[in-house]
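Coordinate analysis (summary)
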Amino acid sequence: MPSGPGERGETRTGDRAQWLLEVDRYACAGSGLCLATAHGRLRLDAGRARPVAELTDPDARVIDAAEICPMEAITVRDTRTGEIIAPQQ
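Things to note about the environment of glycine 30
Structurally, the position occupied by glycine 30 is in the loop between β2 (16-23) and α1 (33-37). In this structure, the C-alpha to C-alpha distance between glycine 30 and glycine 47, residues 17 residues apart in sequence, is 5.5 Å. Setting aside residues up to four positions removed in sequence, glycine 30 forms contacts with Gly47 and Arg48.

Examining the pairing of strand β3 (residues 42-45)
A regular strand places its side chains on the two faces of the sheet in alternate fashion. As defined by bridge partners, β3 adjoins strand β4 (residues 48-51) across 4 bridges and the pair is classed as antiparallel. Considered in β4, the bridge of aspartate 45 is made with arginine 48. Counting the residues between successive antiparallel strands, the hairpin from β3 to β4 contains 2 residues, one of them, alanine 46, with a positive phi of roughly 55°.

What about helix α2 (residues 60-68)?
For α2, the set of buried residues is Val62, Ile63, Ala65 and Ala66. For α2, the buried positions fall inside an angular range of 160° around the axis, keeping them on one side. On its buried face, α2 sits against β2, α1, β3, β5 (55-56), β6 (74-78) and β7 (84-86).

Some words on the pattern of salt bridges
Summed over all chains, the structure comprises 4 salt bridges. Residue glutamate 22 pairs with arginine 77 through a salt bridge whose shortest N-O separation is 2.6 Å. Here arginine 77 lies in strand β6 and glutamate 22 lies in strand β2, a separation of 55 residues in the sequence. Assessed through its relative accessible area of 29%, glutamate 22 is described here as partly exposed. Here arginine 61 and aspartate 59 are joined by a salt bridge, their closest N and O atoms 2.6 Å apart. Given the relative accessible area of 36%, arginine 61 is considered partly exposed.

Definitions and limits used
Position labels on residues start from 1 in each chain and follow its written sequence. Thresholds applied to this predicted model are a pLDDT of at least 70 for local features of residues and 80 or more for the giving and counting of side-chain atom pairs; totals over whole chains, interfaces and linings are not thresholded and use all residues. Processing note: side-chain calculations cover all non-hydrogen atoms of the structure and skip hydrogens and water entirely. Numbering of helices and strands runs from the N terminus, with a helix taken as a DSSP run of H or I at least four residues long and a strand as a DSSP run of E at least two residues long. Residue contacts are counted whenever heavy atoms from the two residues lie within 4.5 Å of one another. At least two bridges found by DSSP between two strands are what make those strands a pair. Buried, partly exposed and exposed residues are distinguished by accessible area as a fraction of the type maximum, computed with a 1.4 Å probe on protein chains only: under 20%, between the cut-offs, and over 50%, respectively. Here the arc refers to the directions that run from the helix axis out to each C-beta atom. Counted as salt bridges are all cases of a side-chain nitrogen of Lys or Arg within 4 Å of a carboxyl oxygen of Asp or Glu.

By themselves, these observations are geometric and do not establish any function.
The structure is reproduced here in C-alpha cells:
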C-alpha cells in the first residue's frame, strides 16, 4: 500500500499527489463493497457507485475498493501518466 509520495503511481499536482478515480457505471453491480471499503470516496447514485470527486488524494482504501470490486468497475489512475494503479492486472 502507498506510504509516501512516488509509490504505487502517485503523482504530484501542485504540492500534493492526486489520483483519478473512475467507475464504469455500466459494469457496476451496486454491491456496495466499495462504499464500505473507501468510505467517503464513493457514493451510490441510482444503485450504482460514483466517485464523490474524480480527483482524490492517494489513499490505500481507494486501491482496496478497486481491488475488491466484483465487477472490476473501479479504476484508479495516475493523473500525470494515465497509468492504471488499481486494480492490478
